Structure formats: C-alpha cells, structure tokens
Amino acid sequence: MASFSCMRGLSTGQGLRREAVHRFTEFRSLSGASRRTPIVAPCRCATSGKEVQSKQKSFENGNGAGAECKPVGDYPFEADSDKGGFFPTRDPGDFPSVDVIKEEPDAEVDEYDPLRDGPLRYLGYANELGEAFAAWLPVGGVPLSYAVAIGYVLVDTGDKGFKAYDKASTELKEMSDPSSGTDNGKLAAILAGERALDTVVWQLLASVAIPGATIHAVVAAVHYLLVSGLSLDAPENMAPAVAAAFASAASTFNTDPETVTSLVEKSVPTFSGLTAIPFIVHPIDNAVHAILNVSMRPFLRRVVCENGQGRLAGLAICDETCIINDFPVLRDDKTIVDAFRQSLDEGELEKE
C-alpha cells in the first residue's frame, strides 16, 4: 500500500554542516485531486518508521486525504547544538531522508562525516579568522583565507552531492514501479543536484560571504573608534593619561611607546573580531534559511517534482499539501514578508 506522512516541527541536526539527505517515500495521488490548501499549521514532510500512515488508512479513520502531521521534526533548518566550543556548530539542516518505507525500518544511525564532524570543519571558519587577524597577516593573507574557506565549501558540496546521488539511485531502484514510466537515473541526478545546489548556496552565504563581511565591519569599526578616540594616529593630541599609560607599558616591557601603540591598534580590533564570531553564527544562519525558504527552495522542489518526475515516482515531498506547508510563501494568504518572518520565528523557537 502506498503511504506518506507529513511531520510537524523542525530538525535539530548534529555537528557542523552535517550531511543533509533528501527523504522520500511512496504515495499515490487521488484520482482527479487538485491543489489542496492545508488546514493545519505548517508541518514538515518526512517519513519515520511507524509514524507513516497510508492514505487509504487515513480515509478509513475518517481523516480525509490530507497528509497526517506528526509532532516530529525533519526539514532543512539551522541546527543548534552545544558542540563546537568557541566556534558554534553550523548546519544547513536535515533534509527528508531518501530512505524508502519498510514494514519494519531499521533504526537510523548517524554516519561520521569527517568534513562536518572532524577537525576539517574548522576550515569553514578560515575567512572569519582571516578578517579578524587582517592587521597581522602579510599581503594576500586575507584573500588566501577566503580561498581556503571556499575550497572547503566546494569539497563539502561535491561530497554531499555524490552521496545523495548514490543513495537516491539505490532507494529508487528498491521502490521502482516499472509501470510508472519514471526515469530513475534522471530523478536521482536532479535530487543530487538539488542537494548540491542548496548546500553550496547556503554555505557560501551563511559560512563565507555574510560572516566575512560582518567580521570585517566589526574590525574596521573598532579600529576607527580606537584610533579616533585615543588619537593613536596623532600622539601629540593624545590625552595625557593615555600617553602616560603607554609610556608606562613601554617602560615595563623595555620597548618604545610607538611599539605599544601599534600593538594596541592591532590587538583590540582583532580581539573584537574573534569575540564577535560566536554571536553572529546563528542569527546569520537563520536569516539565510529564511531567505532560501522564500526563494530558491520552493523553486527547486517544483523542479524535482515536475521536471524530475518526482510526483510521478510517488515522492512524499511532492505531495501538494506538504509542499505548501514546507514553503508558506506559496500559500495564497501569505506574503513573502510573512513567510520570511515565519521562518525566522521557527528558527528562534528551534534554538530554545
């Protein structure tokens, strides 16, 4: 019996930029069914063991044709975790898994990902560290830090894309219905492409461009306030108390006041930039998720379901109710601003 389910809530995810894989399972559309408007609060499409209920069984229970929403979360959203120490964990979020529904599914085990669970994950912070230490680096040091971070993003994107393709190919073969006329190879490639594109766009925005620009702005602002406030660039205008403090420090460390002034001018902005890193990660991640949820992700879902024959193959994520619940921006009663705010609110609730 074909089945599908729609889960309410958001995922928690684990580790930095944890592997996110697309989950789909079987469902068969009702004959002549048209676009349905959800009558429940937004829920997330997924399947998970005994939480799955077939449409037929739903009718027998008098629940109608809509997908049943369970209080279980599973959808791309910024994952908050206590792991990571000074550098907070980052995660594009858990996508619905590509596991096919089985009568008695095995318990899912998190696979170790060296790019997101091991020391290699710190490469994703290279550009932020480069911006913070800009005053100490030689010419070309900051661009090199961006090259390292972008290289990490591209390697991680390729890794997740290939893994998604392999798993999607395997699962599609298991659930393949020859009479459906689905091109499994094409669908697997589109699913992998969607996963890779979502990953690289999210990573470049949330892990490289926006954090890098933010740390650059923090360092520049602190440097400006420091120089203008203490008159570091004009010692003759320096306040007597400040000049005396620098002279005392120079005497203590057996150096000249100019060296102390230079050290302060470099160290304070660097410390400020490093301190800002833990505080900007989650707000930026949530904002990027909200942007993608009202722009690129709904479009990619339509590509998978229509051009990629996902609806024909019976993917649960292609059920119209689930699509609209996953992306409120597609609802007639929601504006882009409303949907964006809803995504931000859900991200804050997830952190709590």
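Our structure is the block above this text.
Here's what I pulled together on the structure shown here. (Residues numbered from 1 in each chain as written. Predicted model: local features only at pLDDT ≥ 70, side-chain atom pairs only at ≥ 80, totals over all residues. Heavy atoms only, no water.)

### A short note on the packing of aromatic side chains
- Enumeration according to the criterion identifies 0 aromatic pairs in this entry.
- Between the NZ or CZ atom of Arg121 and the centre of the ring of Tyr122, over which it lies, the distance is 4.4 Å.
- The lysine or arginine in question, Lys266, covers the ring of Trp136, its NZ or CZ lying 5.4 Å from the ring centre. (Phe/Tyr/Trp six-rings, centres within 6.5 Å; stacked < 30°, edge-to-face > 60°. Lys NZ or Arg CZ within 6 Å of the ring centre and 35° of its normal.)

### Observations concerning the environment of Ala244
- Its location among the elements puts Ala244 in helix α6 (residues 240-252).
- Look at Ala244 and you get partly exposed, because its relative accessible area is 44%.
- As a C-alpha pair, Ala244 and Pro257 span 13 residues in sequence and 9.5 Å in three-dimensional space. (Helix = DSSP H or I, 4+ residues; strand = E, 2+ residues; numbered from the N terminus. Buried < 20%, exposed > 50% of the residue type's maximum accessible area, 1.4 Å probe, protein only.)

### Thoughts on unusual backbone geometry
- For Ser231, which is not a glycine, the phi torsion comes out positive at approximately 55 degrees.
- At Gln309, a position not held by glycine, the phi torsion is positive, near 65 degrees.
- Position of Gln309 among the secondary structure elements: in the loop between α8 (296-307) and α9 (310-313).

### Some words on the state of the cysteines
- Enumeration over the complete set of coordinates arrives at 1 disulfide.
- Through a disulfide, Cys305 is tied to Cys318; the S-S separation comes to 2.1 Å. The S-S bond linking Cys305 to Cys318 shows a torsion near -90 degrees; that makes this disulfide left-handed. Of this pair, Cys305 sits in helix α8 while Cys318 sits in the loop between α9 and α10 (320-326), and the two are 13 residues apart along the sequence. For the pair Cys305 and Cys318, one class covers both residues: buried. (Disulfide = S-S within 2.5 Å.)

### Looking at the pattern of salt bridges
- Scanning the model with the defined rule gives 11 salt bridges in all.
- Asp156 is the partner of Lys160 in a salt bridge, and the nearest nitrogen-oxygen pair spans 2.6 Å. Highlighted residues: Lys160 and Asp156, both in helix α4 (residues 141-175), separated by 4 residues, approximately one helical turn. Considered together, Lys160 and Asp156 belong to a single accessibility category, that of buried residues. (Salt bridge = Lys/Arg side-chain N within 4 Å of Asp/Glu carboxyl O.)

### Examining the packing of helix α7 (residues 257-293) against α8
- One can describe the packing of α7 onto α8 by two numbers: an axis separation of 5 Å at closest approach and a directional angle of 45 degrees. In this view, α7 runs oblique relative to α8, as classed from their interaxial angle. Across from His289, Leu292 and Asn293 in α7, the residues of α8 making contact are Met296, Arg297 and Pro298.
- Of the residues in the contact of α7 with α8, the class split is 3 nonpolar, 2 polar and 1 charged. (Axes fitted to C-alpha atoms, helices over the stretch in contact; angles between N-to-C directions. Parallel < 35°, antiparallel > 145°, perpendicular 65-115°, else oblique. Contact = heavy atoms within 4.5 Å. Nonpolar A, V, L, I, M, F, W, Y, C, P; charged D, E, K, R; others polar.)

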